[in-house]
Amino acid sequence: MAKKSPKDAPREPVALDADLRIAAAPALRETLLAALAAGEPVRIDAGAVAQVDTAGLQVLAAFSRDARAAGVPVAWDGVSDTLRRGVAALDLTALIELPADAGVN
């Protein structure tokens, strides 16, 4: 049986930091662009997100748009209530397609 190459191994999820406010936006953008550049499905773990602002949401929205345009699937392994509330508050639910979990608290 042939050995699996590292490329065949499942990719680790991109774990988002707890703070996705404006100071974190450039690093978040670079991380997501690198994941998108691989051209493979991207998994995102957003369970730790405790703070998010418009800048962080703009980066996530642009990433989601670009992934859709490139035909790269995006899956969410975890989503905090904070992120859900931010996406809903800015009416980005159609663009940032979070999984349908329990309602926002």
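The sections below set out a description of the structure shown in this document.

In terms of regular secondary structure, the chain is built from 3 helices and 5 strands. Starting at the N terminus and walking to the C terminus, you meet the elements of the chain as β-β-α-β-β-α-β-α. Within the chain, the fraction of its 105 residues that count as buried is 33%. Taking all contacts inside the chain whose residues are at least 6 apart in sequence as the whole, residues at least 24 apart take part in 77%. Summing over all exposed atoms, the chain offers an accessible surface of approximately 6400 Å²; the carbon and sulfur share of this is 56%.

Moving on to the packing of helix α1 (residues 25-37) against helix α2 (residues 54-70). Put simply, α1 and α2 touch, their axes get as near as 9 Å, and they point 15° apart. By the angle between their axes, α1 is roughly parallel relative to α2. Crossing handedness for the pair α1 and α2: right-handed. Side by side, α1 and α2 meet where Ala-25, Leu-28, Arg-29, Leu-32 and Leu-36 of the first sit next to Ala-55, Gly-56, Val-59, Leu-60, Phe-63, Asp-66 and Ala-67 of the second.

With that settled, the discussion passes to the pairing of strand β3 (residues 42-46). Remark: a regular strand shows side chains that alternate across the two faces of the sheet. Residues of β3 alternate between two faces, with Val-42, Ile-44 and Ala-46 buried on one and Arg-43 and Asp-45 left unburied on the opposite face. Across 2 bridges, the pairing between strand β1 (residues 14-15) and β3 is parallel. Note on β3: the bridge partner recorded for Ala-15 is Asp-45. Note: β3 against strand β5 (residues 74-79), 5 bridges, orientation parallel. Each residue of the ladder has a partner; that of Arg-43, found in β5, is Ala-75.

The rules behind each value
- Residues numbered from 1 in each chain as written.
- Predicted model: local features only at pLDDT ≥ 70, side-chain atom pairs only at ≥ 80, totals over all residues.
- Heavy atoms only, no water.
- Helix = DSSP H or I, 4+ residues; strand = E, 2+ residues; numbered from the N terminus.
- Buried < 20%, exposed > 50% of the residue type's maximum accessible area, 1.4 Å probe, protein only.
- Contact = heavy atoms within 4.5 Å.
- Areas by Shrake-Rupley, 256 points an atom, 1.4 Å probe, with all protein chains shown as cover.
- Axes fitted to C-alpha atoms, helices over the stretch in contact; angles between N-to-C directions.
- Parallel < 35°, antiparallel > 145°, perpendicular 65-115°, else oblique.
- Left-handed = near helix turned anticlockwise from the far one by under 90°.
- Pairing = 2+ DSSP bridges.

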